[in-house]
Amino acid sequence: MGGMNGINESFDIAIIGAGPGGYSAALRAAELGKSVALIERDATLGGTCLNRGCIPSKALITATHTIDTVHRAAELGVQAHVDGIDYGTLRDYRRHVVETMTGGLAALLAHRGVTVFHGAATDLREVAGTADAAAGANLAVTVAGDPVERFRKAQAAEPLAPTVVIEAGDVILATGAEPRPLPGIPFAGALIDSTQALELDEFPASAVIVGAGAVAVEFASMWNAAGVDVTLLIRKDRVLSGWNRRTATTLTRELARQGVKVVKGTAVTRVETGANLGATVHYTCDSGDADHEAYGEIVLAAIGRDPNTRFDWLARAGVTLDDHGYVACDALGRTHAPHVWAVGDIVAGHALAHRAFEQGVTVAEAIAGLDPKPVDETTVPQIVFSHPEAACVGLTGQEATADPNLNNVKETAYPMLGNARMLMSGVGGAMTVVSGERADRPDVPVVLGVHIVAPVASDLIAEAEQLVGNRVPLAEAARLIHPHPTFSETLGEALLKADGRPLHTR
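Here is what the cut-offs are and how they apply
Residues numbered from 1 in each chain as written. Predicted model: local features only at pLDDT ≥ 70, side-chain atom pairs only at ≥ 80, totals over all residues. Heavy atoms only, no water. UniProt positions renumbered as here; feature names shortened; annotations may be inferred. Buried < 20%, exposed > 50% of the residue type's maximum accessible area, 1.4 Å probe, protein only. Helix = DSSP H or I, 4+ residues; strand = E, 2+ residues; numbered from the N terminus. Pairing = 2+ DSSP bridges. Axes fitted to C-alpha atoms, helices over the stretch in contact; angles between N-to-C directions. Domains from an automatic or database assignment.

Per an unreviewed UniProt entry, the protein goes by Dihydrolipoamide dehydrogenase and derives from Bifidobacterium stellenboschense. Recorded under Sequence similarities (unreviewed entry), the UniProt text for the protein is reproduced unchanged: "Belongs to the class-I pyridine nucleotide-disulfide oxidoreductase family."

Enquirer: Please clarify how the pairing of strand β23 (residues 445–454) should be interpreted in this entry.
Expert: Regular strands have side chains that alternate between both faces of the sheet. Burial within β23 is extensive, with nine of its ten residues counted as buried. When strand β20 (residues 389–394) meets β23, the two strands line up antiparallel, connected through six bridges. Bridging across to β23, alanine 390 finds its partner in valine 453. Pairing of strand β22 (residues 430–438) with β23 involves eight bridges; the strand directions are antiparallel. Paired with glutamate 437 across the bridge in β23 is proline 445. What sits between the antiparallel neighbours β22 and β23 is a turn of six residues, in which aspartate 443 has the positive phi angle 70 degrees.

Enquirer: Whenever I open this one, the sheet that holds strand β14 (residues 279–285) confuses me. Can you help?
Expert: Each strand in a sheet pairs with another by means of backbone hydrogen bonds, the pair being arranged parallel or else antiparallel. Judged by pairing direction, the sheet is antiparallel, and its three strands sit side by side in the order β13-β14-β15 without closing on themselves. The open sheet is flanked by β13 (266–273) and β15 (292–296), the only strands paired with a single partner. Neighbouring strand axes in the sheet, compared pairwise and without regard to direction, differ in orientation by 25 degrees on average. Bridge count for β14 against β15 is five bridges, and the pairing is antiparallel. Its bridge partner being in β15, tyrosine 283 is matched across the sheet by histidine 292.

Enquirer: Would you explain the environment of glutamate 202 in this entry?
Expert: Along the chain, glutamate 202 turns up in the loop between α5 (194–198) and β10 (206–210). When the C-alpha atoms of glutamate 202 and alanine 110 are compared, they prove to be 36 Å apart, with 92 residues separating the residues in sequence.

Enquirer: Explain the domain arrangement of the protein to me, please; I cannot follow it from the model alone.
Expert: The accessible area lost on association of the parts is a frequent measure of interface size. When its domains are assigned, the protein resolves into domain 1 (8–51 + 95–176 + 308–368), domain 2 (179–303) and domain 3 (388–499). One C-alpha centre belongs to domain 1, the other to domain 2, and the line joining them spans 34 Å.

If you want it as structure tokens, here you go:
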């Protein structure tokens, strides 16, 4: 019906943000019979992951892995060489992958009956239910656009009005995150963020990367494989400093061995970006006062992401934030505002698409009254798509030892080059299994964490997640059979060693 603010529509659930957390909540809620409005300010669905992160970056990484393979061909007796990179074809390949994924998502949402609104949320407030509102509707989201477009069928836009008010019984916040700039140094010129880095038409001849997390490491590995002169400035003595030390040290060593200049113990003081191409990064090293410089055609700042929560309307709606801008909520995603929920990167924890997927499903089920279990952060796998890859799930040895509910914690390291497939791969690796006894099950060691560096670590970690998430006793996990000869045997052998009965290792 018409209203003083424009057009009014009513749904059971309104979701603000169509990234992994938002669209998974929409799909599950619709599956449970709820009417769902999904609000997205970007031109395409999928959020950072599909449009500016996971998918386009992995498309480029797939291409540069091919270069790695060709460069190693001579060692294997295969005569091959790289003639260069057709950047136009590479750009088209990346865009095709993204468009296929986002188009498929739009079609799936339409098939499930989810109504998509393209526009920006500008207000969230409590309202009195109207006669034609969905049962229990007591919240209203104002959406603004030029005009707001409604999609009840994929690719079939229905222009509405500059303002649309969507009433709903529950609202899910899924507004995502954005790249964090260096302290006091805004992005400008050749100093870019990861989104801009993925949109480059060509790889630079040289690049300085500031950061030591997944994004920084992936770009360092990818650009280095493509022939870019890469300098990686990290604050501590290894990349992925919050991970298991052996995993992080191994990956740092592999990056350096492959040609990435890793500079440790750095603190960036300023970045000079002039009218000419390129930028110079000034930094101190190991807490000294001496000024050091690193020049690159591109400087990528990849020091983390900040939650998109700095909206005045959130505070007006009673949604509270912590000191870092994350939405304060309980384990199921309930915020301090009644019937307002939060999922994804705006909730403190691992900022990962697969975590957001599960949170979205969990919140949808909670709204539907299914009493789901909260997402357990220790069962969220972390992956870095470098070469070799790194992956982990569960606790590090240090974290497990600090937990008063765990006893007899043990870290077991497996020598990866004892595996035939690892030996054939030509890269180094690492495997660490963390085990221990829970207070509620003494004398029964379980798998608490697994940490891997290997060419296919991203796939191996899925089995490890099942062991950690299901609290599988170590003795039972070690009896699982792994096919030979495969990379997966590394996990099987590590489990055997952790259980005190190593096979092909001491």
